[in-house]
Amino acid sequence: MYVDAHVHFWNPETLRYPWLAGTALDRAYRPADLAAELGELPGLVMVQADCAPGQARAEVEWVRAAAEAYPRILGMVAYAPLEIGPGADGLIDEYATDPFVVGVRRNIQDEGPGFAATGHFRYGVRALGEAGLTFDACVRHHQLGELLTLARACPGTTIVLDHLGKPPVATGEGRRAWRDALAGLAGLPHVRCKLSGLVTEAAYDTWTPDQVRPYLETALELFGPGRCLFGSDWPVLTLASDYRQWYGMVRALIPPVDRDAVLSGNAREIYGLPPIP
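Residues numbered from 1 in each chain as written. Predicted model: local features only at pLDDT ≥ 70, side-chain atom pairs only at ≥ 80, totals over all residues. Heavy atoms only, no water.

Asker: Now, about the sheet that holds strand 2 (residues 43–47): what can you tell me, with residues and values included?
Answerer: Overall, parallel pairing links the eight strands, which are arranged 1-2-3-4-5-6-7-8 in an open sheet. Every interior strand has two partners, whereas the edge strands, strand 1 (3–7) and strand 8 (228–230), have only one. Adjacent strand axes in the sheet meet at a mean angle of 30 degrees, parallel and antiparallel pairs treated alike. (Pairing = 2+ DSSP bridges. Helix = DSSP H or I, 4+ residues; strand = E, 2+ residues; numbered from the N terminus. Axes fitted to C-alpha atoms, helices over the stretch in contact; angles between N-to-C directions.)

Asker: Before we move on, can you summarise the pattern of salt bridges with the specific residues and values?
Answerer: Tallied over the full model, the rule gives 13 salt bridges. Residues E61 and R64 are paired through a salt bridge, measuring 2.9 Å at the closest nitrogen-oxygen approach. Of this pair, E61 and R64 both sit in helix 2 (residues 56–69), three residues apart, which is roughly one turn of that helix. Owing to a relative accessible area of 43%, E61 belongs among the partly exposed residues under this scheme. Since its relative accessible area comes to 23%, R64 is described here as partly exposed. Close ionic contact of D162 with K194 constitutes a salt bridge, the shortest N to O distance being 3.6 Å. Residue D162 is found in the loop between strand 6 (159–161) and helix 6 (175–186), and its partner K194 is found in strand 7 (residues 191–195); the two are separated by 32 residues along the sequence. D162 gets classed as buried once you look at its relative accessible area, which sits at 0%. The network of salt bridges with common partners includes R105, D136, D162 and K194. (Salt bridge = Lys/Arg side-chain N within 4 Å of Asp/Glu carboxyl O. Buried < 20%, exposed > 50% of the residue type's maximum accessible area, 1.4 Å probe, protein only.)

Asker: Which residues make up the side chain of E59, and what are the values?
Answerer: Among the structural elements, E59 can be located in helix 2. The buried charged residue E59 lacks any salt bridge, with R105 as its nearest oppositely charged partner at 7.9 Å. Those residues in contact with E59 that lie beyond four places of it in its chain are L15, Y17, M46, Q48, A49, C51 and M76. (Lys, Arg positive; Asp, Glu negative; His and termini not counted. Contact = heavy atoms within 4.5 Å.)

Asker: Could you give an account of empty space enclosed by the protein, with specific residues and numbers?
Answerer: Under the defined criterion, the tally for this structure stands at one cavity of 30 Å³ or more. Lining of the largest cavity is provided by I108, A116, V139, Q143, E146 and L147. Taken together, the residues of the lining of the largest cavity break down into four nonpolar, one polar and one charged. (1 Å grid on protein atoms, 1.4 Å probe; cavity = no way out; pocket = protein on both sides within 12 Å on 5 of 7 lines; lining within 4 Å. Points joined across faces, edges and corners; volume = space filled by probe spheres on them. Nonpolar A, V, L, I, M, F, W, Y, C, P; charged D, E, K, R; others polar.)

Asker: Kindly report on the packing of aromatic side chains, identifying the contributing residues and their values.
Answerer: Enumeration over the complete set of coordinates arrives at eleven aromatic pairs. Relative to W19, the ring of W10 has its centre 5.3 Å away and its plane inclined at 85 degrees; by these criteria the two rings are edge-to-face. Positioned over the ring face of Y29 is R27, at 3.9 Å from the centre of the ring. (Phe/Tyr/Trp six-rings, centres within 6.5 Å; stacked < 30°, edge-to-face > 60°. Lys NZ or Arg CZ within 6 Å of the ring centre and 35° of its normal.)

Rendered as structure tokens:
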């Protein structure tokens, strides 16, 4: 049994997801859909799916209700508006007392330069560490330098880099700069890296395992298997691959002696997850 540390569920009939409009993903994706695809669910960490910001609490409750029916949903990385600094304290305090909430993600990937460099944002990330919560960082590769500055300023907060920082898999341009920035993050002991989200950074219809594999190998080399964890990014993954193909590719790259850590143990330690039922 393994842990998928990065899945999303959503239902546009229940909550509002502005980013879904006009995409191929604009429908409900529920735990039942993933269970139908896999047959048996692994342990799951559900990561907030960028519903309307005012619905953050409602999203947690919706996922909590789903976890009652699907107890292999072990916890949730929820949304908080970290950019408002002390204004987010109340929500962070609520999350800190909720054992189902294991971390926070404020998606940065579509924000402008300097968004994560403000004093308010640093305050919010530091507050997460003080509350015993992790920070999931979703950035694009050109934002890794800004994330590195943020991480250096917040040594008390465990930062989990989503999707290897979205490297330029489709073109390969800027790969050296991506690797250098990733090495900088890997040099900080409080930063972790999710092996997730790469196939949707490649050309959806033409990518090959040989195109994606070097990025996974780089992350494993720089962070080591003790600081990497598996994630599928389902259902976004389905735009370019299927679940079993991605899981099989990642698993095959991990030396057998390290598979328990990368595929289960690291996620359970980082997020403080309960046992898989």
